[in-house]
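Below are the chains, spelled out letter by letter.
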Amino acid sequence: MFFGLFGKKDFRHYQNQGAKHLAAERYSDARVDFQEALKLCPAEASHEAAAIRQGLDQACDQLGELNLQEGEHALRAGEAQKAHDHFCLAADLAADPSLKARARAEAAKLEAPEAAVKPAAAPAGGGNYKPHSGGSCTTCKGHGDHHHEEPAPMEMSLSEEDQFFLMVQPLPGDLPARYATLGPQFAKAYLMIHDGNDRDAFPILQEMLLSGENDIVLYEVALIMFRAGQIHESEALLNRALALNPQNAAVYIALVHLFAGGGRYPQAIATVQKMLELDILPDQAQFMLGELHETIGDIDRAVELWTKSLEHPGVAKAAAERLIPILNRQGRSDDVKYLSKKYLKGCC
């Protein structure tokens, strides 16, 4: 997830990761990656967005089906509340209308006056990302209810200056202000990059470097190199940027992404640990460290790190989302229910 600033320029990384996770039947991970890809996909890239949305729908439907099956199993075992929780979660996650309807119908049976469960008893609706009121699964507004909405296009009347200003605001720390001081030529190149036009942006950035090195310009050139497959050149530029400014959070995240993408996990872990030592985006760094440990198979350490991440509001929801599938596999249903209710706001 937070390998994101390097991938912020290219949604395809998350799309590819989502496809890999989908093929490996890691549906929760696939869902997270496809959501990130859709968020980063340019509004004008309608074909790519449609493909991402299709993958997201598949992942959500698989998660919905799995929760529906778990609910039916719990019901047969006499665990009505647990069944209700799973049915609500299935309804919230699924994109397919018939699957959502099945899950809602099963949940509604358990909400009837003669059912053994208490109506609207705050079950674990773990996949819901949008706070809402109402005590029934019919009020859920998860992915499946809004997945046909197109990303809002940028207003055509917006000037390039305003477009640039809006694009740099999500950058961490003091980077938005620093990006704004680099002048109109840099802004022009930055907009080209976001339009997928690395070729024309590259000479503008190169010319800027001739008059003096700048960590931000080096970083942007490094991203272009990375996307062109020139990994060693990209790494060298990122290290030069870091030598100029050891506090540039985006450069650290880019290096983590580069190392992890190349299977160089010890270097990636060391880079994140350096971020923690320097107190650079500590909440995101801790979350990334959990991702890296999960990737190398150290699940216990990942769980430990993501449990600590629950203390940080900015990443608590993401941490809970990563913990829940692991805890489910370990049979820790009480912990799953607690995390779902506390951090992911159940749908019923």
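Note that the structure is predicted; figures quoted are calculated from it, not measured.

**Q** How would you sum up the overall build of the protein chain? Please name residues and give values.
**A** Along its length, the protein chain carries 19 helices and zero strands. Put simply, the protein chain has 348 residues, and 50% of those count as buried. A separation of at least 24 residues holds for 59% of the contacts in the protein chain among residues at least 6 apart in sequence.

**Q** Tell me about the packing of helix α17 (residues 299–309) against helix α18 (residues 313–329), and please be specific about residues and values.
**A** Packing of α17 against α18 leaves a shortest axis separation of 8 Å and a crossing angle of 145°. For α17 against α18, the interelement crossing comes out left-handed. Taking contact as the criterion, the partners of Ile 299, Val 303, Trp 306, Thr 307 and Ser 309 in α17 are, on α18, Val 315, Ala 316, Ala 319, Arg 322, Leu 323 and Ile 326. Within the contact of α17 with α18, the residues separate by chemical class into eight nonpolar, two polar and one charged.

**Q** Quick one: what's the story with the pattern of salt bridges, residue by residue and with numbers?
**A** Under the definition given, this model contains 15 salt bridges. Measuring nitrogen to oxygen at the nearest pair gives 2.6 Å for the salt bridge that ties Arg 178 to Asp 215. Pair noted here: Arg 178 is in helix α9 (residues 175–180) and Asp 215 is in helix α12 (residues 215–227), with a separation of 37 residues, a long-range link. The salt bridge involving Glu 294 is made with Arg 322; its shortest N-O contact spans 3.9 Å. Of the two residues, Glu 294 is situated in helix α16 (residues 282–295) and Arg 322 in helix α18; the sequence distance between them amounts to 28 residues. A relative accessible area of 15% places Glu 294 in the buried class. Taken together, the shared-partner salt bridges in this structure form one network comprising Glu 291, Glu 294 and Arg 322.

**Q** Go over helix α10 (residues 184–194) with me, naming the residues and quoting the values.
**A** Count 3.6 residues to each turn of an α-helix, and residues three or four apart come out pointing the same way. Buried within α10 we find Phe 186, Ala 187, Ala 189, Tyr 190, Leu 191, Met 192 and Ile 193. As for α10, its buried residues are in contact with α8 (160–168), α9, α11 (198–210) and α12. Following α10 by one or two positions, Gly 196 has its phi on the positive side, about 80°.

**Q** Break down α12 for me, with residues and values.
**A** Its 13 residues give α12 an end-to-end C-alpha distance of 18 Å, which sits within 8% of 18 Å, the value for a rise of 1.5 Å per residue. Taking burial as the measure, the 13 residues of α12 include eleven buried ones, the bulk of the element. The complete set of buried residues in α12 reads Asp 215, Ile 216, Val 217, Leu 218, Tyr 219, Glu 220, Val 221, Ala 222, Leu 223, Ile 224 and Met 225. Where α12 begins, the side chain of Asn 214 points an oxygen toward the backbone nitrogen of Ile 216, at a separation of 2.7 Å. Following α12 by one or two positions, Gly 229 has its phi on the positive side, about 85°.

**Q** Explain the environment of Lys 337 to me, and be specific about the residues and the numbers.
**A** As for its position among the elements, Lys 337 is in helix α19 (residues 333–343). When the C-alpha atoms of Lys 337 and Lys 82 are compared, they prove to be 8.7 Å apart, with 255 residues separating the residues in sequence.

**Q** Account for the environment of Pro 313, naming residues and giving values.
**A** Among the secondary structure elements, Pro 313 is positioned in helix α18. Sequence separation of Pro 313 and Asp 283 is 30 residues, and the distance between their C-alpha atoms is 8.8 Å.

**Q** Which residues make up the nonpolar core, and what values go with them?
**A** Counting residues in each nonpolar core, the largest one holds 54 residues, and the members touching the most others are Tyr 179, Phe 186 and Leu 205. Among the elements that line this core, the one with the most residues is helix α14 (residues 249–261), at eleven residues. Ignoring anything within four residues of it in the chain, the contact list for Leu 205 reads Phe 186, Ala 189, Ile 193, Val 217, Glu 220, Val 221 and Ile 224.

**Q** For the packing of aromatic side chains, give the residues involved together with the corresponding values.
**A** In total, this model carries six aromatic pairs according to the counting rule given. Taking the centre distance of 5.5 Å and the plane angle of 90° together, the rings of Phe 164 and Tyr 190 count as edge-to-face. Here Phe 164, found in helix α8, pairs with Tyr 190, found in helix α10; they are 26 residues apart in sequence, far enough to count as distant. Overall, the relative accessible area of 7% leaves Phe 164 in the buried class. Take Tyr 190: its relative accessible area is 1%, and that puts it in the buried class. Ring centres of Tyr 179 and Tyr 190 lie 5.5 Å apart, and the angle between their planes is 80°; this geometry places the pair in the edge-to-face category. Pair noted here: Tyr 179 is in helix α9 and Tyr 190 is in helix α10, with a separation of eleven residues, a long-range link. Ring pairs connect the aromatic residues Phe 164, Tyr 179, Phe 186 and Tyr 190, which therefore count as one cluster. Sitting over the ring of Tyr 343, Lys 342 keeps its end group 5.5 Å from the ring centre.

**Q** Describe unusual backbone geometry, naming the residues involved and giving the relevant values.
**A** The residue Asp 279 is not glycine, and still its phi comes out positive at about 60°. Take Asp 279: it is sitting in the loop between α15 (265–277) and α16. The class for Asp 279 is exposed, based on a relative accessible area of 55%. Unusually for a residue other than glycine, Leu 281 sits at a positive phi of about 45°.

About the cut-offs
Residues numbered from 1 in each chain as written. Predicted model: local features only at pLDDT ≥ 70, side-chain atom pairs only at ≥ 80, totals over all residues. Heavy atoms only, no water. Helix = DSSP H or I, 4+ residues; strand = E, 2+ residues; numbered from the N terminus. Buried < 20%, exposed > 50% of the residue type's maximum accessible area, 1.4 Å probe, protein only. Contact = heavy atoms within 4.5 Å. Axes fitted to C-alpha atoms, helices over the stretch in contact; angles between N-to-C directions. Left-handed = near helix turned anticlockwise from the far one by under 90°. Nonpolar A, V, L, I, M, F, W, Y, C, P; charged D, E, K, R; others polar. Salt bridge = Lys/Arg side-chain N within 4 Å of Asp/Glu carboxyl O. Expected span 1.5 Å × (residues − 1). Polar contact = N/O pair within 3.5 Å; in protein donor to acceptor, adjacent residues only side chain to side chain. Core = buried A, V, L, I, M, F, W, Y, C linked by side-chain atoms within 4.5 Å. Phe/Tyr/Trp six-rings, centres within 6.5 Å; stacked < 30°, edge-to-face > 60°. Lys NZ or Arg CZ within 6 Å of the ring centre and 35° of its normal.

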